[in-house]
Amino acid sequence: MGSFLWGLVTDFFTYETTKSVVVKSWSVGIINRIVQLLIISYFVGWVFIHEKAYQAFDNGIESSVMTKVKGFGYHNGRVMDVADYVFPQQGAGIFCIMTKVLVTENQFQGYCSEVEGKFNCTKDEDCQKFVGTILSNGVITGVCPNSSNGTQARCESSGWCPAEDDRVIVQPMLDVSNFTIFIKNSVRFPMFDVTRGNFISSMTSNDIRNCSYDPETNPYCPIFRVNDVLRYTNQSVLDLARKGGEIGINIEWICNLDWDIEQCLPKYRFTRLDAPFAKNAVSSGYNFRFAKYFKTENGTEFRTLHKAYAIRFDVMVTGKAGKFDTIPTLINLVAAFTSVGLGTVLCDIILLNFLKGAEQYKAKKFEEVSEAQIDASFGRSPDSQLSLKPGIKSVYDSGAISLDASDEPV
């Protein structure tokens, strides 16, 4: 037992050092250089050039977006301007252009019949099952009007009357395709204290008023025609005007601050955000309700209810900025130099397991030296070679052993 424990102690307090064995083999040498070339190409091409690993990056951008919509359209026999169809009116990064509005005028608080056929009834018991439902225009009272004479009616509800009937057919405002959206965006990269805006320095106020965005001929114009935006997302103006939808305008800032700051420019991308629900029969499109309230001469409150179908625009800002920094450069250089050593690991695996002479290479690569051998070596001449068989070449200043192809057994 004592010898076993002593063996564990002596094994623990050992030291391993690298021993160089030069293998003069064309096949192994070619594999080693190819692996090294691939690793160097990866770090130079992908890590440093493509991913710019020599830079520090700031992804936490601070952004501000302001918008304005302009244009006139006809809807329900009326001329609609920006105050009629844009909601909210503050010019925020999220806004709606209403394309179809169903209006229910002169609603007063009271009792009235529902309008949908599912609320048909001939007696009060038919309405009891709808008590507590949230799919009605008001609170179902459980009463069926005219139930005493047995004629068919619709369940009574308490709320704003007359009840809204959204089955009315109204033509959408197709003039929306000619409306324009003006976007003013500023971003700041706090790490580098750099602030940029989406107006390029060469554009004059006259250029901005008269330009129209085009990804090829005018990619930095901040004015967008609605028809063009929908075309970039492969959407139909007619379908969106009828049912509504959500369109995303993404302003992307990818800035290399090692170059001139004027080259830090935005790129615009467009997408339909509610595309997964566009063909959904349950909830497709986009709509919302709002009301305008009034009072009669005697103080009774009434309202006009609007159900609006709209194209909702979400202006989103993303991006990052990069600039040369010593720390990430050194970290990735060390990683690159370390990874080059993988070629040696692969070649060792091949030499130790697959090539002819693997046992001979293993014997020369892994050598155990005891203290007794070290003590004995002090009494020998410098010309003696410890633990080396005749025919093996040793270099004293480098500790390298050269293993020629002729040394391998046939």
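Analysis parameters
- Residues numbered from 1 in each chain as written.
- Predicted model: local features only at pLDDT ≥ 70, side-chain atom pairs only at ≥ 80, totals over all residues.
- Heavy atoms only, no water.
- Helix = DSSP H or I, 4+ residues; strand = E, 2+ residues; numbered from the N terminus.
- Contact = heavy atoms within 4.5 Å.
- Areas by Shrake-Rupley, 256 points an atom, 1.4 Å probe, with all protein chains shown as cover.
- Disulfide = S-S within 2.5 Å.
- Buried < 20%, exposed > 50% of the residue type's maximum accessible area, 1.4 Å probe, protein only.
- Salt bridge = Lys/Arg side-chain N within 4 Å of Asp/Glu carboxyl O.
- Phe/Tyr/Trp six-rings, centres within 6.5 Å; stacked < 30°, edge-to-face > 60°.
- Lys NZ or Arg CZ within 6 Å of the ring centre and 35° of its normal.
- Pairing = 2+ DSSP bridges.
- Core = buried A, V, L, I, M, F, W, Y, C linked by side-chain atoms within 4.5 Å.
- Axes fitted to C-alpha atoms, helices over the stretch in contact; angles between N-to-C directions.
- Parallel < 35°, antiparallel > 145°, perpendicular 65-115°, else oblique.
- Nonpolar A, V, L, I, M, F, W, Y, C, P; charged D, E, K, R; others polar.
- pLDDT = per-residue confidence, 0-100.
- Expected span 1.5 Å × (residues − 1).

1. Description of the overall build of the chain
Within the chain one finds eleven helices and 20 strands. The long-range share in the chain, meaning contacts at least 24 apart out of those at least 6 apart in sequence, stands at 69%. In the form shown here, the chain has an accessible surface area of approximately 25300 Å², with 56% of it arising from carbon and sulfur atoms.

2. Section: the state of the cysteines
In this structure the tally under the stated criterion is five disulfides. In this model C255 forms its disulfide with C264; the gap between the sulfur atoms is 1.8 Å. Here C255 and C264 share a disulfide; its torsion about the S-S bond, 60°, makes the bridge right-handed. For C264, a relative accessible area of 3% corresponds to the buried category. Cysteine pairing for the chain (bonded cysteines numbered in sequence order): 1-6, 2-4, 3-5, 7-8, 9-10.

3. Describing the pattern of salt bridges
Under the counting rule described, the total for this entry stands at 14 salt bridges. As a salt-bridge pair, R167 and D165 come within 2.9 Å of each other at their nearest N and O atoms. Taken together, the salt bridges that share partners define one network made up of E164, D166, R289 and K307.

4. Structural notes on unusual backbone geometry
Residue F87 is joined to P88 through a cis peptide bond whose omega torsion reads -10°. Structurally, the position occupied by P88 is in the loop between β6 (86-87) and β7 (94-113). The step from C161 to P162 runs through a cis peptide bond, and the omega angle for that step is 5°. Mapped onto the secondary structure, P162 falls in the loop between β11 (156-161) and β12 (180-189).

5. Quick notes on the packing of aromatic side chains
Counted by the stated rule, this structure contains 20 aromatic pairs. Judged by centre distance (5.0 Å) and plane angle (70°), the rings of F224 and Y268 are edge-to-face. With a gap of 44 residues between them, F224 in strand β14 (residues 223-225) and Y268 in strand β16 (residues 266-272) connect regions that are remote in the sequence. On the basis of relative accessible area, F224 is assigned to the buried category, the value being 1%. Look at Y268 and you get buried, because its relative accessible area is 8%. Here a set of aromatic residues connected by ring pairs shows up, and it is made of Y213, F224, Y232, Y268 and F270. Here the basic side chain of K100 rests over the ring of Y309, its NZ or CZ set 4.5 Å away from the ring centre. Directly above the ring of F57 sits K320, whose terminal nitrogen or CZ lies 4.7 Å from the centroid.

6. Brief notes about the pairing of β12
On a regular strand, one side chain projects to one face of the sheet and the next to the other, so that they alternate. What you see with β12 is a clean split: I181, I183, N185, V187 and F189 sit on the buried side and T180, F182, K184, S186 and R188 on the side with no burial. Note: strand β3 (residues 62-70) against β12, nine bridges, orientation antiparallel. When the sheet's bridge partners are listed, V69 is paired in β12 with I181. Looking at chain direction, β12 and β14 are connected through three bridges and run antiparallel.

7. Points about the nonpolar core
In terms of nonpolar packing, the biggest core is built from 51 residues, with Y85, I97, F189 and F313 touching the most fellow members. Looking at this core, the element that brings in the most residues is strand β18 (residues 301-324), giving seven residues.

8. Some thoughts on the packing of helix α9 (residues 342-353) against helix α10 (residues 358-365)
Two elements in contact, α9 and α10, have axes separated by 6 Å at closest approach and are oriented at 120°. What the angle tells us is that α9 and α10 run oblique. Of α10, the residues touching α9 (which contributes D348, L351, L352 and N353) are A358, Y361, K362 and K365. Considered class by class, the residues forming the contact of α9 with α10 number four nonpolar, one polar and three charged.

9. A word on the side chain of N32
For N32, the position within the fold is in helix α2 (residues 26-50). When its relative accessible area of 14% is taken as the criterion, N32 is described as buried. If we ignore the near neighbours within four places in the chain, the residues touching N32 are G343, T344 and C347.

10. Looking at the confidence of the model for the chain
Chain-level pLDDT for the chain is 85 on average; 88% of the residues reach the 70-or-more range. Here residues 384-401 is modelled with pLDDT under 50, and outside its nearest four sequence neighbours on either side it reaches 31 contacts, counting other chains as well. The low-confidence segment residues 405-410, where pLDDT is below 50, has nine contacts with residues more than four positions distant or belonging to other chains.

11. Comments concerning α2
Helix length check: α2, at 25 residues, gives a terminal C-alpha distance of 34 Å against a target of 36 Å (1.5 Å per residue), a fit within 8%. Listing the buried residues of α2 in full gives V28, N32, V35, Q36, I39, F43, V47 and F48. Lining the buried residues of α2 we find α8 (326-340) and α9. Count one or two residues on from α2 and you reach K52, which has phi positive near 50°.

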